[in-house]
Amino acid sequence: MFDPTAYENFKVILEGSIYDADFEGEIIVANRADIIDMAILSRKYAIDFVLKDDSSIVGSIVIHANLKQLALEILHNNENDAGAYVEIIYRLDQKEEPKQEHLRLYERLLHDDWGGKRNILTDVRNSYQNGVYHSTTIQLMVSFNRLIPETQANDLYELAVCAIQSLKHLISQKNKL
């Protein structure tokens, strides 16, 4: 009998949780991707969502597992190494260049929501057309900096709820600026 991997279990939990919130009318699923990279034998699943009333910021939950995790789990039946990496990403586009204090507010908000042990990575990309500034894309990523073990799979239901709540907080903060 085939036993699903931790990655597959995580994917089912997160996908179900996000689609439940979509069904309840709280969010809208904007996109999803289920990618197998044959060159490095890794898997990645991402699901993007926006609030029903405000799509100015896109939230994403991303899970990925590489060959090492899959091999240890499947070939060696090693439950201690069963797991996947999980990241939460928020993206917003704006016409003006962001102020540093606004970026710090977003980061502080995510630290408050996710705890001080999480790394918050901020990526700011400016877009130019014919040498003239056009827009900025800000990406904020909440990283757990570790493999999430399969024993914590049930925590992913709450992770989806928290990801949606953080999206609401970010949009509220953005609208105040």
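Placed above this text is the structure.
Residues numbered from 1 in each chain as written. Predicted model: local features only at pLDDT ≥ 70, side-chain atom pairs only at ≥ 80, totals over all residues. Heavy atoms only, no water.

Focus: the packing of helix α1 (residues 6-23) against helix α4 (residues 155-176)
Between α1 and α4, the shortest axis-to-axis distance is 9 Å and the interhelical angle comes to 45°. In terms of axis orientation, α1 runs oblique to α4. For the element pair α1 and α4, the recorded crossing hand is right-handed. Where α1 abuts α4, its residues F10, I13, L14, S17, I18 and A21 lie against L156, Y157, L159, A160 and I164. Tallied by class, residues from the contact of α1 with α4 come to ten nonpolar, one polar and no charged. (Axes fitted to C-alpha atoms, helices over the stretch in contact; angles between N-to-C directions. Helix = DSSP H or I, 4+ residues; strand = E, 2+ residues; numbered from the N terminus. Parallel < 35°, antiparallel > 145°, perpendicular 65-115°, else oblique. Left-handed = near helix turned anticlockwise from the far one by under 90°. Contact = heavy atoms within 4.5 Å. Nonpolar A, V, L, I, M, F, W, Y, C, P; charged D, E, K, R; others polar.)

Remarks on the pairing of strand β2 (residues 42-51)
Most of β2 is tucked away: nine of the ten residues are buried. Pairing geometry for strand β1 (residues 27-37) and β2, over ten bridges, is antiparallel. By the bridge assignment, I28 is partnered in β2 with V50. Between β1 and β2, which pair antiparallel in sequence order, lie four residues; one of them, L41, sits at a positive phi of approximately 55°. Across seven bridges, β2 lies against strand β3 (residues 57-65) in antiparallel orientation. Bridge pairing links R43 to A65 in β3. The antiparallel pairing of β2 with β3 creates a hairpin that spans five residues between the two strands. (Buried < 20%, exposed > 50% of the residue type's maximum accessible area, 1.4 Å probe, protein only. Pairing = 2+ DSSP bridges.)

Considering helix α3 (residues 100-114)
Helix length check: α3, at 15 residues, gives a terminal C-alpha distance of 21 Å against a target of 21 Å (1.5 Å per residue), a fit within 8%. Along α3, the residues classified as buried are L103, Y106, L109, L110 and W114. The arc that holds the buried residues of α3, viewed along the axis, is 125°, so those residues lie on one side. Tucked inside the fold, the buried residues of α3 contact β4 (83-94), β5 (119-129), β6 (132-143) and α4. G115, located one to two residues past α3, shows a positive phi value of around 95°. (Expected span 1.5 Å × (residues − 1). Arc of directions from axis to C-beta.)

Considerations on the side chain of E15
Note on placement: E15 falls in helix α1. One polar contact links E15 to R32, side chain to side chain, over a distance of 3.4 Å. Within the structure, E15 has its side chain in polar contact with the side chain of Y45 (distance 2.9 Å). (Polar contact = N/O pair within 3.5 Å; in protein donor to acceptor, adjacent residues only side chain to side chain.)

Describing α1
With 18 residues, α1 should reach 26 Å at 1.5 Å per residue; the first-to-last C-alpha distance of 25 Å fits that figure. What α1 keeps buried is the set A6, Y7, E8, F10, K11, I13, L14, E15, S17, I18 and A21. The positive-phi residue at the C-terminal boundary of α1 is G25, with phi of around 85°.

What to know about a nonpolar patch on the surface
Together, I36, M38, L41 and L67 make up an exposed nonpolar region whose accessible area comes to about 400 Å². When you line up the elements, M38 lands in the loop between β1 and β2. Exposure remark for M38: the relative accessible area of 61% places this residue in the exposed category. (Patch = residues over 30% accessible without salt bridge, like charges linked within 9 Å, V, L, I, M, F, W, Y side chains within 5 Å. Areas by Shrake-Rupley, 256 points an atom, 1.4 Å probe, with all protein chains shown as cover. Salt bridge = Lys/Arg side-chain N within 4 Å of Asp/Glu carboxyl O.)

A short note on the pattern of salt bridges
Overall, the coordinates contain six salt bridges when judged by the stated rule. The partner of R32 in a salt bridge is E15, and the shortest N-O contact between them spans 3.4 Å. Remark: E15 occurs in helix α1 and R32 occurs in strand β1; sequence separation between them is 17 residues. The class for R32 is partly exposed, based on a relative accessible area of 46%. E26 serves as the salt-bridge partner of K168, at 2.6 Å between the closest nitrogen and oxygen. Within this pair, whereas K168 is found in helix α4, its partner E26 is found in the loop between α1 and β1, the two being separated by 142 residues in sequence. By relative accessible area, K168 is classed as partly exposed at 29%.

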